[in-house]
Amino acid sequence: MIDDIRETEECQLRDPMDLFHSGQVVKICAPMVRYSKLAFRTLVRKYSCDLCYTPMIVAADFVRSAKARDSEFTTNKGDHPLIVQFAAKEAQVLCDAARIICPFADGIDLNCGCPQRWAISEGYGACLINKPELVKDMVRHVRSQIDNPKFSVSIKIRIHEDLKRTVDLCQKAEAAGVSWITVHGRSIEERHQPVHYDAIKIIKQSMSIPIVANGDIKTLKDAENVHHLTEADGVMVARGLLANPAMFAGYEETPLQCIQDWVDIALEHGTPFTCFHHHLMYMMERITSKQEKRVFNVLSSTSAVLDYLNDHYGL
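Residues numbered from 1 in each chain as written. Predicted model: local features only at pLDDT ≥ 70, side-chain atom pairs only at ≥ 80, totals over all residues. Heavy atoms only, no water.

**Student:** Explain the environment of Tyr282 here, please?
**Tutor:** Summarising the element assignment, Tyr282 is placed in helix H14 (residues 273–283). Not counting the four nearest positions on each side in its chain, Tyr282 is found in contact with Tyr35, Leu242 and Ala243. (Helix = DSSP H or I, 4+ residues; strand = E, 2+ residues; numbered from the N terminus. Contact = heavy atoms within 4.5 Å.)

Next up, the structure:
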C-alpha cells in the first residue's frame, strides 16, 4: 500500500485546515480517475498546488482487500497534505477505510458528486446529495471514531435544481463536523453547461466552514475570478491541471521545464507507459500542431517518447 513505508512513518502529517486559515485562496488538485496518482501529485506540488486528492477509491473494496489497497493507494514522505477520496454508502465501512488510511494521509473526502451511472446505481457518488441524513451520519461516525483531531473529513457535492436542498445538505454536514465542502457548481444532469458560480456563492454565505469552488477553472486567472465571484475559500481544478500542471504557478501553458519534471518524476516512480504518455498528450495539447499530435499520440513506448522529446524539444 505504501510507496516507502519507512519514509512515510517518519513523515509529518499536516492539518489541512491550516491552509484555510492562511488567508490565501487554497489551490487544490481534484480527485481524477487514473490521473491524480502519486507521480502527478508530486509534479503539481512543485508548481504551487497546496492540497492534493487521490483518485476516488471504493471504500468497501479498500477495507476488504489488501490487493485493492496496494493497487489503489501509494504515498511518500513529500506527499502532504493529502486527502484520500472514498466512495461509500455505509457509515461503518467509511470509518473502517478512514482508520486504515489515517496514519498515512491528512484527511478523507466522501464523494457525493460523481454523476457516472455505475456509481449512482451502486448507491455512491451524486445520489448521496439526495440522502442528507446518511451523509450526516457518515461524517459524524468518522469524526467520532478517528482520534486525531487534525484529521479532516470533507465532502464533495453537486448542486440540486432547488438550491435550498443543497444548503440544507451542507448545513447538516456542518452540524455533523465536516471540515469543509467542495461544491461542483452543476446538477447531476449537467455536464458541459455553464457552472452556477452564483449557487456556490449562496452556499458560501449560508455556511461558517470553508467552501471550495469547483468547475471549469482552466487558468490561474480563472481561479482568481471564481474566488471573487463565489467568495470561496479554495478552488479545485481537474482538467485545467491535466492540460497545464504549472497552472497554479501562473503559467499560461505548460512550460518545457514542467514537461522535463514530469518525465523525471514518472520514470523515478515507474509510472506505467499509458499513464506517462496520456499525461504528456494533455500537457502538450496547446503547444503542438495537429501534425505533431498525429505523430506523438501514436508513439507506443517510453523510449520512443523520450527520443521524440529529445529531438523536438531538446529534453
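**Student:** Mind showing me how you'd approach the domain arrangement of the chain here?
**Tutor:** Accessible area lost on assembly of the parts is the figure often given for the size of an interface. Here the domain parsing of the chain yields domain 1 (16–249) and domain 2 (256–313). Taking only C-alpha atoms, the centre of domain 1 and the centre of domain 2 are 29 Å apart. Residue-level contacts link 16 residues of domain 1 with 13 residues of domain 2. For the pair domain 1 and domain 2, the summed buried surface comes to about 1,300 Å²; carbon and sulfur atoms form 66% of the total. For the interface between domain 1 and domain 2, the tally reads zero salt bridges. (Domains from an automatic or database assignment. Buried area = accessible area lost by both parts, 1.4 Å probe. Salt bridge = Lys/Arg side-chain N within 4 Å of Asp/Glu carboxyl O.)

**Student:** Is there a simple way to think about helix H6 (residues 91–101) in this case?
**Tutor:** Each turn of an α-helix holds 3.6 residues, which means side chains three or four residues apart point in the same direction. Along H6, the residues classified as buried are Ala91, Leu94, Cys95, Ala97, Ala98 and Ile101. The arc that holds every buried residue of H6, seen down its axis, measures 165°, which confines them to one face. For H6, the secondary structure elements touched by its buried residues are helix H4 (59–64), strand E4 (82–87), strand E5 (107–112) and helix H8 (132–145). (Buried < 20%, exposed > 50% of the residue type's maximum accessible area, 1.4 Å probe, protein only. Arc of directions from axis to C-beta.)

**Student:** Is there a simple way to think about the pattern of salt bridges in this case?
**Tutor:** Side-chain pairing between opposite charges can occur once the charged atoms of the two side chains come close. One pass over the full model with this rule turns up 10 salt bridges. Between Asp216 and Arg186 there is a salt bridge, with its nearest N and O atoms 2.8 Å apart. Here Arg186 lies in the loop between strand E7 (181–184) and helix H10 (197–205) and Asp216 lies in the loop between strand E8 (211–214) and helix H11 (220–230), a separation of 30 residues in the sequence. Judged by its relative accessible area of 31%, Asp216 is partly exposed.

**Student:** What should I look at first to understand the UniProt feature "active site" (unreviewed entry) in the chain in this one?
**Tutor:** What UniProt calls "active site" (unreviewed entry) maps, in this numbering, to Cys114. Structurally, Cys114 is set in the loop between E5 and helix H7 (117–121). Judged by its relative accessible area of 11%, Cys114 falls in the buried class. (UniProt positions renumbered as here; feature names shortened; annotations may be inferred.)

**Student:** Hey, could you run me through the pairing of strand E1 (residues 26–29) in this one?
**Tutor:** Residues Val26 and Ile28 line one face of E1 and the alternating positions Lys27 and Cys29 line the opposite face, and both faces are buried. As paired strands, E1 and strand E2 (residues 51–53) are joined by two bridges and run parallel to one another. Across the sheet, the residue bridging to Ile28 is Leu51, located in E2. The β-α-β motif built from E1, the intervening helix H3 (residues 38–46) and the parallel element E2 has right-handed crossover chirality. (Pairing = 2+ DSSP bridges. Right-handed = clockwise from strand over helix to strand, strands pointing away.)

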